[in-house]
Amino acid sequence: MNPNQSVRWKDILVQLIVTNLIPLSNGGYGTVIGNHSTVINHEYVSSSAGKALLVFNKRTQTAASHSNEATYEYWAIVNGSQYTYAVEGTVVGNANSAKNEFIQLLHHWKVPKS
């Protein structure tokens, strides 16, 4: 999977995001997740890329949107040596099963070492 390319995997729509290195503590991950988002919870989980910050959030539509329906997302965020890598998983099915599926995906995640 390349950055900005989305793929459907089980109950989630997955996208890779690569950005400048950011601090993950004290809510710094908000710069990756962006606006119109309310964090429901976050925790650290293990992944093949190392310790990842797992964030579950609810994204509301922008004021200009024709829909007021919220979407739910899981984010796994890891700092590499030069960049922050994030996998965004938009829930398109059951949120509880999507979390388990998302964590399974993280066990196969390859993050560049440089």
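This text goes with the structure placed above it.
Residues numbered from 1 in each chain as written. Predicted model: local features only at pLDDT ≥ 70, side-chain atom pairs only at ≥ 80, totals over all residues. Heavy atoms only, no water.

This model, assessed by the stated rule, comprises 4 aromatic pairs. Consider the rings of phenylalanine 56 and tyrosine 72, whose centres lie 5.8 Å apart with planes at 20 degrees: the pair is stacked. One end of the pair, phenylalanine 56, is in strand E4 (residues 50–59); the other, tyrosine 72, is in strand E5 (residues 71–79), and 16 residues separate them in sequence. Plain terms: the ring middles of tyrosine 83 and tyrosine 85 are 6.5 Å apart, the flat faces sit at 70 degrees to each other, and that makes the pair edge-to-face. Exposure remark for tyrosine 83: the relative accessible area of 34% places this residue in the partly exposed category. (Phe/Tyr/Trp six-rings, centres within 6.5 Å; stacked < 30°, edge-to-face > 60°. Helix = DSSP H or I, 4+ residues; strand = E, 2+ residues; numbered from the N terminus. Buried < 20%, exposed > 50% of the residue type's maximum accessible area, 1.4 Å probe, protein only.)

So, about the pairing of E4. Most of E4 sits inside the fold, with 7 of its 10 residues counted as buried. Here strand E3 (residues 37–47) pairs with E4 via 10 bridges, running antiparallel. For glutamate 43, the partnering residue across the bridge sits in E4 and is leucine 54. By the bridge criterion, 7 bridges tie E4 to E5 in an arrangement that is antiparallel. Along E5, the bridge assignment pairs leucine 54 with alanine 76. (Pairing = 2+ DSSP bridges.)

For the rest of this paragraph, the subject is the side chain of glutamate 88. In this structure, glutamate 88 sits in strand E6 (residues 83–91). The side chain of glutamate 88 sits in the buried core without any salt bridge; arginine 59 is the nearest counter-charge, 5.1 Å away. Separated by 3.4 Å, the side chains of glutamate 88 and threonine 90 make a polar contact. Once residues lying within four places of it in the same chain are set aside, the contact partners of glutamate 88 are Leu13, Val14, Gln15, Ile17, Glu73, Tyr74, Trp75 and Phe102. (Lys, Arg positive; Asp, Glu negative; His and termini not counted. Salt bridge = Lys/Arg side-chain N within 4 Å of Asp/Glu carboxyl O. Polar contact = N/O pair within 3.5 Å; in protein donor to acceptor, adjacent residues only side chain to side chain. Contact = heavy atoms within 4.5 Å.)

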